[in-house]
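Okay, here's what each chain looks like letter by letter:
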Amino acid sequence: MTAVFSHGRLRLYLLKLLDDGPKHGYELIRLLEDRFLGLYAPSAGTIYPRLQRLEVEGLVSHTAAGGRKTYDITDAGRAELRQRAGELAALETDIAASVADLSSLAGEIRSEVRGSARDLKRELSEATRQTRRARWEAPAPPPRPASTTGPQAELLDELDKRLAAFTVEVGRLMRARQFTDTQLRTAIRLLDGALDGLRRLLR
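Please read these numbers as outputs of a predicted model, since none were measured by experiment.

**So, the overall build of the chain**
When helices and strands are tallied, the chain shows seven helices and three strands. Taken from N to C terminus, the helices and strands of the chain fall in the order α-β-α-α-β-β-α-α-α-α. Here the chain, with 203 residues, has 23% of them falling under the buried criterion. Total accessible area computed for the chain in this model is approximately 14200 Å², and 56% of it derives from carbon and sulfur atoms.

In structure tokens form, the structure reads like this:
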């Protein structure tokens, strides 16, 4: 329970809420949650024992309908509120300060979470780009033997260009859209078949 309600102050605030009209326990929990902008809500195990104690002391009473108890403040409860008006005013001030602190903390946490999420997203995007680049960008062709000259050199240049263009085009096609497992398996078989054919040819 938030420290603002230490030393019996929650008991006093329950009387204040009941002074506005009869309420059942769930309504009191919801009103407290609303007062703290959803950043704090007491549990039923916190509220109901205090209501029972207030009833024993004659400060509240209850009526039961449909299996639900509705609590109402008594004249004795209103008299206690009047006697403790100064305490209640101080409590309202403390609640307002506590809500401001909790709101500020929640804002900082949200900012940190958003920042962490942005950083993680940026790192994942960069890793994805690097992976794609490593898989699909054309690698630099291996150095050609210095003795290769003439028409054969031109043909080797053309083969290098075709290989580079092939790699880039396959990468472009793979990035264009999602594929089915069948399409991907077929593409792998085609590439394996082309590589086997080149191996046989160039041996």
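Okay, back to it.
**Structural notes on the pairing of strand E2 (residues 60-65)**
Judged from the six bridges that link them, E2 and strand E3 (residues 68-73) form a sheet pairing that is antiparallel. When the sheet's bridge partners are listed, Thr63 is paired in E3 with Thr70. Hairpin connection between E2 and E3: a loop of two residues separates the two successive antiparallel strands, and Gly66 in this loop has a positive phi of roughly 60°.

**Overview of helix H1 (residues 9-19)**
The element H1 is extensively covered by neighbouring structure, given that eight of its eleven residues are classed as buried. Buried within H1 are the following residues: Leu10, Arg11, Leu12, Tyr13, Leu14, Leu15, Leu17 and Leu18. Of the residues one or two after H1, Gly21 is the one with positive phi, at around 145°.

**Notes on the pairing of E3**
Looking at chain direction, strand E1 (residues 23-24) and E3 are connected through two bridges and run antiparallel. Bridged to Lys23 within E3 is Tyr71.

Reading guide: rules and limits
- Residues numbered from 1 in each chain as written.
- Predicted model: local features only at pLDDT ≥ 70, side-chain atom pairs only at ≥ 80, totals over all residues.
- Heavy atoms only, no water.
- Helix = DSSP H or I, 4+ residues; strand = E, 2+ residues; numbered from the N terminus.
- Buried < 20%, exposed > 50% of the residue type's maximum accessible area, 1.4 Å probe, protein only.
- Areas by Shrake-Rupley, 256 points an atom, 1.4 Å probe, with all protein chains shown as cover.
- Pairing = 2+ DSSP bridges.

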